Amino acid sequence: MKNLMFAVGMALTLSAGAATKTIAPGESWTATDANVADFDTYEVQAASGDKAAGLLLLDLSATPTVTLTGGGEVRKVSSATWTYNDTTKAQASFAGRFVIASGIVQFDNGTTESALGGSSSTPVVTNGATMVWNTSSLDYSRMLHLSGRGAKDGDGNDLGAFRLTKQNGSTSGMNKFSLDGDTLMVITCNYLFWGNSGASKLNGHKLEKAGPGIIYAYGGSLTGDEGSVELQAGKSGSTTKLHIREGYNFGTASDGPLILNDYTYVALQNDAKSDRPLVVKGSQSVVIELSNQYGSYSTAWTESTRYFGGPITLEDGAMLTAKAPNANQTPRSLSFKGKISGAGGITASGSGRVYVSNPENDFTGTLTVDGTSGGETYLASASVLPDYSHLTVKNAGRVTVPFSDDTAWPASSVAALAAQADWQGSGNILALDFGELTDCRRELSFTDFTVPAGGAMGFGAEGVDPSAELTVLAPALGWCGFGAWSSTLRFAGDERYELGTLTAAAAGGHPAGEILFDGATDVWLTTNAP
């Protein structure tokens, strides 16, 4: 029998050791500030037969201090903010659903992952409610279910169904989450780790990320369904960021798209990649870049390790900036292998190499090659640009085309590219890459070719850049003829070439006006010279 105590002028209370309140299947109970202390423990029983799980509604103005057990459902329905920390009662014995249906639940430092239930429990945040992580070291292995845009702040702004407000140093971070509807996450500081366990799912919904804090996405997370990920527009000095962790693929071609708005930033860390479709909406500061923040890149020049492989849509007016930087003075590459469509444009910059390789590209915007940082853009075939007049090269920009045979770049296409592109200013380079040839026997005929004003025609895999038409003679390798060129020969220089004596005369039966490499002095024109 319960031991009841009475006091004059006071409400009826329960003594220490008060009995448990049992909420059976098919039943519900509402706990309020006025009655919650009537019981120390609330047993919320799981569903049984055709009866739904017991339901405990918590309409409380402060974090509950009672004990929860059972496998039913507990639902926060008050608009109050509940705060958890190292002094809050853990609910390790509760194995059911803990639903945050209203207001805010905030985890401060010291909060354990059993704050809302044991290892078998299911935490849920529904539309109109927010879970806030204000903790720097929480590893959360529960499958967190999310939906909605969260509670409102005092100005009516959405707080997000999930919100990070303190740097979380745990690499486990948010191991698993599952979307029950379109969801807004707000990350206000660095950083949050997504899906280290690879179990997170979008379930066909959109996950929208806002805030300047970085999210690190691991492989296996957010893949295998039709859901999309959108980076909400940031602002100058407060970019919305996503980093794809090294060695992982962020999605497949059948997944929903990654959507980029103004002032958004995506980094491929080391050998990360994404086959997820990409949609660019923003026209201001939309950047995709390589990052070696963790570990090191595997190889220098390659189009297969760091890439976007899904279809790429550039909406009207959109502009994507692609950056492939140097790492430890070694150039790296960023590839766009998927078909590029739409009326938007791309600016390629950085000190590494940007590959454009899909022959079915049909975008109508401009590809701008900006050589300010010394990098280059590699056009894998003559058909990767639907219209050569939509190529702009400036600030000593370099465009390289593979030229080992007639298949990828016929000589006529190279001539058309040089004639039709917009070469702005001086020092721009159109370079021919002969790859790994051991015998350069292809005759290059440019009878109507004009070198871009102030620019250069680049010969060789990486570094010999003559500025006019010429014939290259290397008896040990065969020969390559460049037709009748009208001006001088310029070398950019590269340590992998041994450049011999230059002879500007009719020698060895070759036509007058050609400039010759003296083959007797070991002139090598390929990347595999001894």
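Residues numbered from 1 in each chain as written. Predicted model: local features only at pLDDT ≥ 70, side-chain atom pairs only at ≥ 80, totals over all residues. Heavy atoms only, no water.

1. Structural notes on the overall build of the protein
The line we're drawing: Numbering of helices and strands starts at the N terminus; helices are DSSP runs of H or I of at least 4 residues and strands are runs of E of at least 2. The rule is simple: take the accessible area with a 1.4 Å probe, protein chains only, and divide by the maximum for that residue type; under 20% is buried, over 50% is exposed, in between is partly exposed. Contacts are assigned to residue pairs with any non-hydrogen atoms lying within 4.5 Å of each other. In these tables, accessible area is a Shrake-Rupley quantity obtained with a 1.4 Å probe, and a residue counts as shielded only by the protein chains included in the view.
Looking only at helices and strands, one finds one helix and 45 strands in the protein. Relative to its 530 residues, the protein shows a buried fraction of 54%. For the protein, the proportion of contacts with a sequence separation of at least 24, taken over those separated by at least 6, is 61%. About 21000 Å² of surface is accessible on the protein, with carbon and sulfur atoms providing 47% of the total.

2. A look at the packing of aromatic side chains
What characterises a pair of aromatic rings is the spacing of the ring centres plus the angle enclosed by the ring planes. So the rule is basically this: Ring pairs are drawn from Phe, Tyr and Trp, using the six-membered ring of Trp, whenever the two centres fall within 6.5 Å, and their geometry is named by plane angle: stacked under 30 degrees, edge-to-face over 60, tilted for the rest. Criterion for a charge above a ring: Lys NZ or Arg CZ within 6 Å of the ring centre, and within 35 degrees of the ring normal.
Evaluation of the coordinates by the stated rule reveals nine aromatic pairs. When the ring of W29 is compared with that of F39, the centres are 6.3 Å apart and the planes differ by 85°; the resulting orientation is edge-to-face. Within this pair, whereas W29 is found in strand β4 (residues 28-32), its partner F39 is found in the loop between β4 and β5 (41-44), the two being separated by 10 residues in sequence. Overall, the relative accessible area of 26% leaves W29 in the partly exposed class. Given a relative accessible area of 14%, F39 falls into the buried group. For the ring pair W133 and F162, a centre distance of 5.0 Å and an interplane angle of 75° mean the geometry is edge-to-face. Pair noted here: W133 is in strand β13 (residues 129-134) and F162 is in strand β15 (residues 162-164), with a separation of 29 residues, a long-range link. On the basis of relative accessible area, F162 is assigned to the buried category, the value being 0%. Through a chain of ring-to-ring contacts, three or more aromatic side chains come together here, namely Y84, F107, W133, Y140 and F162. A cation over an aromatic ring shows up here: K76 above the ring of W82, its NZ or CZ 4.9 Å from the ring centre.

3. Considerations on the pairing of strand β8 (residues 73-76)
Rules: We call two strands paired when DSSP finds no fewer than two bridges between them.
Here strand β6 (residues 55-59) runs beside β8; their pairing, made up of four bridges, is parallel. Across the sheet, L56 pairs through a bridge with V74, a residue of β8.

4. Considering the pattern of salt bridges
Using the following cut-off: A pair is scored as a salt bridge if a Lys or Arg side-chain nitrogen falls within 4 Å of a carboxyl oxygen belonging to Asp or Glu.
For the structure on display, the rule yields 10 salt bridges. One salt bridge connects R142 with E113, and the closest N-O pair in it is separated by 3.4 Å. Taken together, the positions of R142 in strand β14 (residues 140-148) and E113 in the loop between β11 (103-108) and β12 (122-125) put the pair 29 residues apart, joining distant regions of the chain. Residue classification places E113 among the partly exposed positions, given a relative accessible area of 24%. Measuring nitrogen to oxygen at the nearest pair gives 3.7 Å for the salt bridge that ties E376 to R398. Here R398 lies in strand β38 (residues 398-402) and E376 lies in strand β36 (residues 376-379), a separation of 22 residues in the sequence. The burial state of E376 is the same as that of R398; both residues are buried. Here the salt bridges do not stand alone but share partners, grouping R149, K152, D158 and E208 into one network.

5. Focus on the pairing of β14
In terms of burial, β14 is largely enclosed, as seven of its nine residues are buried. Pairing of β12 with β14 involves two bridges; the strand directions are parallel. Bridge pairing links V125 to L146 in β14.

6. Quick notes on unusual backbone geometry
Unlike most non-glycine residues, Y263 shows phi in positive territory, near 55°. Of note, A396 is a non-glycine position whose phi angle comes to about 60°, a positive value.

7. Here's the deal with the sheet that holds β5
For sheets, the rule is that strands pair by backbone hydrogen bonds, running either parallel or antiparallel. Threshold: Comment: axis = line fitted to C-alpha atoms, over the contacting stretch for helices; angle = value between 0 and 180 degrees taken between N-to-C directions.
Pairing is parallel across the open sheet formed by three strands, whose spatial order is β3-β5-β7. On the outer flanks of this sheet lie β3 (20-23) and β7 (67-69), each paired with one strand and no other. Here the average twist between neighbouring strands, direction ignored, is 20°.

8. A short note on the side chain of T264
What counts here: For the purposes of these results, a polar contact is taken to be a pair of N or O atoms within 3.5 Å, where, inside protein, one atom must be able to donate a hydrogen and its partner to accept one; residues adjacent in sequence count only when each atom of the pair is a side-chain atom.
Structurally, T264 is set in strand β23 (residues 264-269). Within the structure, the side chain of T264 is placed 2.6 Å from the backbone oxygen of N261, a separation counted as a polar contact. Not counting chain neighbours up to four residues away, the residues in contact with T264 comprise L231, Q232, T239, T240, S285, V286 and V287.

9. Topic: the environment of A324
Relative to the helices and strands, A324 is located in the loop between β28 (319-323) and β29 (326-327). By relative accessible area, A324 is classed as buried at 0%. In sequence terms A324 and L334 are 10 residues apart; their C-alpha atoms lie 5.6 Å from each other. Ignoring any residue separated from it by four or fewer positions in sequence, one finds A324 in contact with L290, R332, S333, L334, S349, G350, S351, G352, R353 and V354.

10. Side note on the side chain of T400
Here T400 shows up in strand β38. Judged by its relative accessible area of 1%, T400 falls in the buried class. A distance of 3.4 Å separates the side chain of T400 from the side chain of R398, its partner in a polar contact.

11. Details of the confidence of the model for the protein
Which entries qualify depends on this criterion: Per-residue confidence from the predictor is reported as pLDDT, a score between 0 and 100.
Averaged over all residues, the pLDDT of the protein is 76; the fraction at 70 or higher stands at 70%. In this model, residues 1-17 is a region of pLDDT below 50 whose contacts with residues beyond four sequence positions or in other chains number 13 contacts. Considering only residues more than four positions removed or in separate chains, one finds that residues 436-530, a stretch of pLDDT under 50, has 206 contacts.

12. Considering helix α1 (residues 411-420)
A large share of α1 lies buried, amounting to seven of its 10 residues. Within the sequence span of α1, burial applies to A411, S413, V414, A415, A416, L417 and A418.

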